[in-house]
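Commentary on secondary and tertiary structure
Chain by chain, the residues:
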Amino acid sequence: MKRASAVGLSAAIVFTLGVTASASALPTKQSNAGDSISQGFDANDHPSDQPQESWVQGTDSAVHSVYSRYIEIVPNFQQEPESVSGAEMIGGTNNFAAQASRICSQSTLPQHVSVLLGGNDVCNRPKSSSGDAAANLYSVETWTNGLRAGLDQLAACLPQGATVQVMSMPRVDQLYSAGHDKSFWCPITWSLFNICRVVTGEGNASRRAQIGQRVDEYNDALAGEVHAYDANTNGQNSRGIKFVTDWQGSIADGANNTSLGTHLFNKNEINIVDCFHPNKSGQRELACLAWATNPDGSGSIPACFQ
Amino acid sequence: MKLHISLAATILVAVTGCSVGSGSGEDSSSADDAALTNMGVLVREPASTVKDYQTGPTKIRLYGVQNGDDTFATIADRSTWKTMSVRVGDTIGRGYRVSAIRPGSIDLDTVKGTVHLAVGHDLDVKMIQHRFDTSAVDHGKHTWTVTAASMADVHTRYGVGATAEDRSATPPSDTGLPPQAAVALLTVDPKGVLGRLGFHDGDVLLSMNDTPLTAADLEKIADRVTHPGTVTLVVSDQGARHPVTITVR
């Protein structure tokens, strides 16, 4: 409760500053690093990228994306997304550091960057046969160093006054629960297409929770890094780029539905094709959350999840 | 309500036979042998000469290690930020072999001895690659370029290097979805054609150039990427279907 009050106070200060600041303080361009969630994959039950339905880059008024919300207050607002379906925070050639490098190579640099990655880092790992279901996931140290590799680049390249908003990653065990409640088709499609088998192929709820706990640890580390960059306590942000996150603590901390990482997805918020990605309702909630936790934005987090 | 799911018989695509040596320079002349050692080549490709290798400087960073069922280290190539998970015995390029993974660090063997790399630190390396290693290059955003001649040689020496099974299911009518079908890769040899194209065990293929695939079509993929042109494979990454565009030169 004390933490929530502090966040509320910060939000009030930001809002006040936002009212008095000149319009030039608002960004004129955004970019993002992300995966299939940011590509709006399958949000309208068509099995392909549907960027118009994305929480961050979408143009569908039913989603009311971050981009749409900026357009309402900044004429000629531009965007140049870099999210790629299948991307990880750590693995492969489209990871966060690679996407951050692409953002830094854009001919016109953005003043607002959204980051949402991590689901594939969990889902692409093999199931563990040991007592710890999270044994084969990336260590928190690995996760943190991959995150830093991207944040270092953004801190160095973005224009002064820019904001980097790093969203927490959803708990895949919660997505499993939502799909399990949705349809008996969901376990079939998970098996058919090998969808996040580390959790959808795990029949033991306590072992799925172990994976969810690792996600909490990733999100705790993410928030720690965001705060270190924002305050420049790590010496990597001498130019004063603003870093923010939605993460306020875990479900175990009593922070249900205060961030993407603690959102308890229900069956009406995920699509029917793969039963694992947010549908338009889920994307709309995510856009609302991102805007409510964006220094340029407004809104009530609880209202986003009603 | 109709529901049907079938897991068709596994179709094994044999790795084509050829002797694969692992020794140093067994297929090279003594002059090549000395030159390869001088170049720093630790892991040699059989029946190859010095001109089959190229080198370039880069930095690698050790992100961290994980000690679970599967102990591995995660390394990033700082020139592209491409990462790889390596285990003891794996190689980084042709000049470094992982010889130990410990909490907080790894050891890498080279022809000149062992080097130590700590978590969070960078190491200047001379990346040595055989032309097979660069037969398919991932440019990110699911775009690849493939060198037809080198990939043809990979195909001849290592084959498709994968096994797969057909999977299909008919969703319940209230979903409004059509029948679903996929090809799931069961095993992938990193030396084979599909491994060179970045595929791993568990990956799911759906179509090639708009034609649905079956497990019997792996050879067709391998054949297609050994001839100039453009190939579009649709794959499923954790349910997210997307095209992979391969330009074959």
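Residues numbered from 1 in each chain as written. Chains lettered and ligands numbered in written order. Predicted model: local features only at pLDDT ≥ 70, side-chain atom pairs only at ≥ 80, totals over all residues. Heavy atoms only, no water.

What follows deals with the packing of aromatic side chains. The final tally for this structure, using the stated rule, is 8 aromatic pairs over all chains. Judged by centre distance (4.9 Å) and plane angle (90°), the rings of Tyr70(A) and Trp291(A) are edge-to-face. Of the two residues, Tyr70(A) is situated in helix H2 (residues 66-73) and Trp291(A) in helix H10 (residues 280-292); the sequence distance between them amounts to 221 residues. In terms of burial, Tyr70(A) and Trp291(A) fall into one category: buried. Between Tyr138(A) and Phe72(B), the ring centres sit 6.1 Å apart and the planes meet at 70°, which makes this aromatic pair edge-to-face. Here the residue Tyr138(A) occupies a position in the loop between helix H4 (119-123) and helix H5 (140-157), and Phe72(B) occupies one in strand E4 (residues 72-77), the pair thus bridging two chains. Here Tyr138(A) falls in the buried class, since its relative accessible area comes to 2%. Above the face of the Phe193(A) ring, Arg241(B) is positioned so that its terminal group lies 4.6 Å from the ring centre. (Phe/Tyr/Trp six-rings, centres within 6.5 Å; stacked < 30°, edge-to-face > 60°. Helix = DSSP H or I, 4+ residues; strand = E, 2+ residues; numbered from the N terminus. Buried < 20%, exposed > 50% of the residue type's maximum accessible area, 1.4 Å probe, protein only. Lys NZ or Arg CZ within 6 Å of the ring centre and 35° of its normal.)

Residue and element names in this part refer to chain A. Between helix H3 (residues 96-104) and H5, the shortest axis-to-axis distance is 8 Å and the interhelical angle comes to 10°. Here H3 lies roughly parallel to H5, going by the angle between them. When H3 is examined against H5, the residues Phe96, Ala97, Ala100, Ser101, Ile103 and Cys104 are found in contact with a partner set consisting of Gly146, Leu147, Ala149, Gly150, Leu151, Gln153, Leu154 and Cys157. (Axes fitted to C-alpha atoms, helices over the stretch in contact; angles between N-to-C directions. Parallel < 35°, antiparallel > 145°, perpendicular 65-115°, else oblique. Contact = heavy atoms within 4.5 Å.)

Glancing now at the sheet that holds strand E1 (residues 29-34) of chain A. Residue and element names in this part refer to chain A. Spatially, 5 strands are ordered E2-E1-E3-E4-E5 in an open sheet, and the strand pairing comes out parallel. The sheet is open, and its two edges are formed by strand E2 (78-79) and strand E5 (242-245), each paired on a single side. Looking at chain direction, E1 and strand E3 (residues 112-116) are connected through 5 bridges and run parallel. When the bridges of E3 are listed, asparagine 32 appears paired with serine 114. Lying over the sheet, H2 contacts E1, E2 and E3, oriented at roughly 170° with respect to E1. (Pairing = 2+ DSSP bridges.)

Now for the nonpolar core. One broad trend across soluble globular proteins is that nonpolar side chains are buried collectively. Core analysis: the largest hydrophobic core is formed by 90 residues, its most contacted members being Trp55(A), Phe96(A), Val122(A), Leu158(A), Val164(A) and Phe276(A). Beyond its immediate stretch of four places on either side in the chain, Trp55(A) contacts Ile37(A), Ser38(A), Val63(A), Ser65(A), Val66(A), Ser114(A), Leu116(A), Met167(A), Gln283(A), Leu286(A), Ala287(A) and Ala290(A). Judged by nonpolar contacts, the second largest core, of 32 residues, contains Ala136(B), Val146(B), Ile221(B) and Val244(B). (Core = buried A, V, L, I, M, F, W, Y, C linked by side-chain atoms within 4.5 Å.)

Another point: unusual backbone geometry. All names here are of chain A. Unusually for a residue other than glycine, asparagine 194 sits at a positive phi of about 55°. Note on placement: asparagine 194 falls in the loop between helix H7 (185-192) and helix H8 (197-200). When its relative accessible area of 17% is taken as the criterion, asparagine 194 is described as buried. Positive phi outside glycine occurs at cysteine 275, with the angle close to 55°. Following the sequence through the fold, cysteine 275 ends up in the loop between E5 and H10. For cysteine 275, a relative accessible area of 0% gives the class buried.

Our focus in this paragraph is the side chain of Thr262(A). Residues and elements named next belong to chain A. One can find threonine 262 in the loop between E5 and H10. Judged by its relative accessible area of 0%, threonine 262 is buried. At 2.8 Å, the side chain of threonine 262 and the backbone oxygen of alanine 255 are in polar contact. Aside from chain neighbours lying at most four places away, what touches threonine 262 is Trp247, Gly249, Ser250, Ile251, Ala255, Asn256 and Asn257. (Polar contact = N/O pair within 3.5 Å; in protein donor to acceptor, adjacent residues only side chain to side chain.)

Let's shift gears to the pattern of salt bridges. Residue and element names in this part refer to chain B. Enumeration according to the criterion identifies 24 salt bridges over all chains in this entry. With a shortest N-O distance of 3.1 Å, arginine 196 and aspartate 133 are connected by a salt bridge. Of the two residues, arginine 196 sits in helix H3 (residues 193-196) while aspartate 133 sits in the loop between strand E10 (122-130) and strand E11 (136-138), which places them 63 residues apart along the sequence. Classification of arginine 196 by relative accessible area gives buried; the value is 14%. According to the relative accessible area criterion, aspartate 133 is partly exposed, its value standing at 22%. (Salt bridge = Lys/Arg side-chain N within 4 Å of Asp/Glu carboxyl O.)

Let us now look at the state of the cysteines. Residue and element names in this part refer to chain A. One pass over the full model with this rule turns up 4 disulfides over all chains. Note on cysteine connectivity: cysteine 186 is disulfide-linked to cysteine 275, with sulfurs 2.1 Å apart. An S-S torsion of about -70° defines the bridge between cysteine 186 and cysteine 275 as left-handed. Here cysteine 186, found in helix H7, pairs with cysteine 275, found in the loop between E5 and H10; they are 89 residues apart in sequence, far enough to count as distant. Taken individually, cysteine 186 and cysteine 275 each receive the classification buried, so the pair is uniform in this respect. Disulfide pairing places cysteine 288 opposite cysteine 304 at an S-S distance of 2.1 Å. Its S-S torsion of approximately -75° makes the covalent link between cysteine 288 and cysteine 304 left-handed. Of this pair, cysteine 288 sits in helix H10 while cysteine 304 is found in helix H11 (residues 301-304), placing the two residues 16 residues apart along the sequence. Here the two residues cysteine 288 and cysteine 304 agree in accessibility, since each one is buried. Taken in sequence order, the bonded cysteines of chain A link in the pattern 1-3, 2-5, 4-6, 7-8. (Disulfide = S-S within 2.5 Å.)

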